[in-house]
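Examination of the molecular architecture
Each chain, written out:
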Amino acid sequence: TTESLETHFERTIEADQRIEPRDWVPEKYRATLIRQIAQHAHSEIIGMQPEGNWITRAPSLRRKAILLAKVQDEAGHGLYLYSATETLGADRGDLTERLISGKQKYSSIFNYPTLTFADVGVIGWLVDGAAICNQVPLCRCSYGPYARAMIRICKEESFHQRQGYELLMTMMRGTAAQREMVQEATNRWWWPSLMMFGPPDGDSPNTAQSMAWKIKRHTNDELRQRFVDMTVPQAEALGVTLPDPDLRWNAERGSYDFGEIDWSEFKEVLRGNGPCNAQRVAHRKRAHDEGAWVREAAAAHARKHREAA
Ligand code: ACO
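Let me begin by describing the structure that accompanies this report. Treat the numbers as computed from the prediction; the structure is a model and nothing was measured. Going along each chain's sequence as written, the residues are numbered from 1 onward. Reporting in this predicted model follows two pLDDT cut-offs: at least 70 for local features of residues, and 80 or more for side-chain atom pairs to be given and counted; totals over whole chains, interfaces and linings ignore these cut-offs and use all residues. Hydrogen atoms and water are omitted, and side-chain values are computed over all heavy atoms in the structure.

**Description of unusual backbone geometry**
Here is the rule: Strands here mean DSSP runs of E at least two residues long; helices mean DSSP runs of H or I at least four residues long; both are numbered from the N terminus.
Phi is positive for Asp16, which is not a glycine, with a value near 65 degrees. You can see Asp16 is positioned in the loop between helix H1 (2–14) and helix H2 (27–46).

Right, dumping it as structure tokens:
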């Protein structure tokens with residue numbers, strides 16, 4: 001009966017066990033997971049663009065090999081996550097359609113431009129650092145396929161974070177112009193990185209239900225604070241200044257206080273009016289259109305094999 005299925009679902013969540021694809025779930029649980037995982041997958045795929053922009057201009061063979069590997073990892077994460085949505089009954093082609101028609105979101109952070117090679121380092125340090133903060137708790141998400149996907153993804157994100165920080169350390173040991181470039185990129189990426197965690201808890205419509213279902217394990221503000229606390233000492237070690245005059249240690253809280261985030265900028269980016277939204281979606285659409293013949297050929301090939309069998 002529905003009641004016993006529902007009880008089973010609730011007991012599984014309560015006991016901190018995993019929900020698996022064949023288990024009965026409330027429709028809203030399914031919809032929430034598809035929404036979050038699809039948005040996450042879209043972010044990985046769109047996220048290939050800002051850094052992909054520097055592959056042809058990487059300053060050395062070593063930097064180019066690292067950057068190529070990283071951007072390929074992101075493609076892998078996206079495909080892995082689309083597979084996780086398929087275990088919930090979503091259709092990958094349909095999700096891509098929703099992305100390029102603007103019906104589904106992807107992370108705000110990927111709508112900012114990469115102006116210098118220091119941006120590659122700062123994205124690794126701050127953007128991938130924020131992603132790790134947000135994603136490590138998702139390894140304990142109540143939905144099994146998503147939780148397991150996050151374990152591997154987090155390992156690779158940690159490599160991405162380190163390559164960025166190492167790149168920046170190298171530039172900071174370089175010329176004054178290189179140090180200036182790192183500082184300037186840090187100034188541009190700091191606030192958008194804080195916005196990655198989503199709206200403040202009071203304005204986050206999905207958090208309460210997602211926490212009750214153990215999809216999310218912490219609120220947006222908790223993770224944002226954790227990220228600030230982790231990043232300030234890294235900035236000091238690097239020798240860059242985070243662009244926030246209100247940033248200071250609060251001994252009472254055992255955390256750093258920080259300044260007010262410009263939520264109007266965040267809302268504009270979500271509405272499609274960030275510096276690169278139109279360009280990112282147009283590029284994705286072009287790649288999708290140009291790949292149509294590959295999908296058709298693969299489908300025809302599969303059909304032939306089925307018929308021959
Ligand atoms: N960029 C774009 N949209 C965002 C962002 C952001 N940084 N933060 C929140 N939103 C959207 C939410 O998707 C939601 O919109 P929707 O209801 O239309 O889907 C709305 O703003 C309100 O936010 P919340 O109620 O707080 O939404 P939610 O509970 O889903 O929390 C969060 C948002 C924290 C991003 C969550 O979805 C999550 O942890 N996702 C998985 C991680 C992820 O997607 N990372 C992508 C970037 S990192 C990377 O790929 C390298």
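**Describing helix H12 (residues 277–290)**
Because each turn of an α-helix spans 3.6 residues, side chains separated by three or four positions in sequence point in the same direction. Here is the rule: One less than the number of residues in a helix, times 1.5 Å, gives the span that helix is expected to have. Accessibility here uses a 1.4 Å probe with only protein chains present; expressed as a share of the type maximum, an area under 20% marks a residue as buried, one over 50% as exposed, and anything in between as partly exposed. In this context, the arc is that of the directions from the helix axis out to the C-beta atoms.
Taking 1.5 Å per residue, 14 residues should reach 20 Å; H12 reaches 20 Å between its end C-alpha atoms and fits that length. Along H12, the residues that are buried comprise Asn277, Arg280, Arg284 and His288. In a view along the axis of H12, the buried residues occupy a sector of 75 degrees, so they form one face of it. Looking at H12, the residues exposed on the side facing more than 90 degrees away from the buried face are Ala278 and Glu290.

**Remarks on the pattern of salt bridges**
Our working definition: In the sections that follow, a salt bridge refers to a side-chain nitrogen of Lys or Arg positioned within 4 Å of a carboxyl oxygen of Asp or Glu.
Tallied over the full model, the rule gives 18 salt bridges. Between Glu74 and Lys70 there is a salt bridge whose closest N-O contact spans 3.5 Å. Highlighted residues: Glu74 and Lys70, both in helix H4 (residues 61–86), separated by 4 residues, approximately one helical turn. In this pair, the class of Glu74 matches that of Lys70, namely buried. Beyond isolated ion pairs, a larger network of salt bridges with shared partners links Glu51, Lys70, Glu74 and Asp128.

**Things to note about the packing of aromatic side chains**
Cut-off, in case you're wondering: Within 6.5 Å between ring centres, the rings of Phe, Tyr and Trp (the latter by its six-membered ring) count as paired, and their orientation is classed by plane angle as stacked under 30 degrees, edge-to-face over 60, tilted in between.
All chains considered together, the criterion is met by 10 aromatic pairs. Look at Phe197 and Phe227: their rings are 5.5 Å apart centre to centre, the planes differ by 40 degrees, and that puts the pair in the tilted class. On the criterion of sequence distance, the pair formed by Phe197 in the loop between helix H8 (176–195) and helix H9 (207–212) and Phe227 in helix H10 (residues 220–238) is long-range, its members being 30 residues apart. You can call Phe197 buried: its relative accessible area is 5%. Look at Phe227 and you get buried, because its relative accessible area is 0%. Where Trp249 meets Tyr256, the ring centres are 5.0 Å apart and the plane angle is 70 degrees; that geometry is what we call edge-to-face. Among the residues examined, Trp249 registers a relative accessible area of 48% and is labelled partly exposed.

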